[in-house]
Amino acid sequence: MKNLMAGNWKMHKTIAEGVAFVNELKAQLQDRPERGVLLCVPSTMLHAVATAAKGSAIMVGSEDMYFEEKGAFTGEISPSMVKDTGATATLVGHSERRVIFGETDLVVNKKIKAALTHGLLPVLCIGESLEEREAGKLEAVLSTQIKGGLEGISAADASKIVIAYEPVWAIGTGKTASPQDADDAHAMARKLVANLYGQELADKMMILYGGSVKADNVDELMAMKNINGALVGGAALEVESFTRISNFTCSGKCSCSK
Ligand code: PGA
């Protein structure tokens, strides 16, 4: 798998809507093994959606999970509960978790480790706020989030992680980073990964862009050298637009053709 198009449904959809979406997407998805497709869905429908996706190219993941195995953690779900539904991945450290629910890099790190221990694919979300960008702190923020998120994780495990760069100011706002700005941030993130694990691992790491990705801007984003996929919120709620995004048109420059 060289690319990954991931949807994040956030707090939307009923079970029936989720299952209908998957059935439609299955029918419309191009058969291209180098392209992965992942749907991160509310825990209420993880099992139903994972069951509907079974046997297809669509992977299913949770939007979050707790790092403990079991215990008195009212309202939380554990990595093995996520696995039990048939899901194989999880988002970790989405900016809404960080900003609204106060998730720190330490918590993010524990969740990444817990996901890896249970064989779930973690998608580590990073990204700066507008204030941080305007104050020239982009690299410092990415560095803190990458170092903090990956603290104590071996190279063998790091090679099983996907990073999603999502500038907070571009999420749900209709403001997309320009392809060049996004690519520059991805190159920066890749360099930070290389500092930790070496260039070879960094070059292979999938770094997704997220923040107002739509059917009409996905092709230009995917044409950038350092962008290996997308994490899509709003435009992943409609099966037509998410199908178009998943079936993006390859310019010949994107990583899928390398
Ligand atoms: P958006 O959300 O595509 O609606 O901007 C992206 C995300 O939050 O992952």
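See above for the structure.
About the cut-offs
- Residues numbered from 1 in each chain as written.
- Predicted model: local features only at pLDDT ≥ 70, side-chain atom pairs only at ≥ 80, totals over all residues.
- Heavy atoms only, no water.
- 1 Å grid on protein atoms, 1.4 Å probe; cavity = no way out; pocket = protein on both sides within 12 Å on 5 of 7 lines; lining within 4 Å.
- Points joined across faces, edges and corners; volume = space filled by probe spheres on them.
- Helix = DSSP H or I, 4+ residues; strand = E, 2+ residues; numbered from the N terminus.
- Nonpolar A, V, L, I, M, F, W, Y, C, P; charged D, E, K, R; others polar.
- Near = heavy atom within 4 Å.
- Polar contact = N/O pair within 3.5 Å; in protein donor to acceptor, adjacent residues only side chain to side chain.
- Areas by Shrake-Rupley, 256 points an atom, 1.4 Å probe, with all protein chains shown as cover.

Caption draft 1: Region of interest: empty space enclosed by the protein. Tallying each qualifying case throughout the model produces 1 cavity of 30 Å³ or more. Looking at the largest cavity, its volume works out to about 40 Å³. Along the walls of the largest cavity sit Gly-93, His-94, Ser-95, Arg-98, Cys-125, Ile-126, Gly-127, Gln-145, Glu-166 and Val-168, which together make up its complete lining. Those elements that place two or more of their residues in the lining of the largest cavity are α4 (95-101) and β5 (121-126). Its residues placed into classes, the lining of the largest cavity shows 3 nonpolar, 5 polar and 2 charged.

Caption draft 2: View of the site of the ligand. Lys-10, His-94, Glu-166, Gly-172 and Ser-212 are the nearest of the 13 residues found near the ligand. The separation between an oxygen atom of the ligand and a polar main-chain atom of Ser-212 is 2.8 Å. Between Gly-233 and the ligand, the recorded distance is 2.8 Å, taken from a backbone N or O atom to an oxygen atom. Contact with the protein chains covers 96% of the free accessible surface of the ligand, which is 280 Å².

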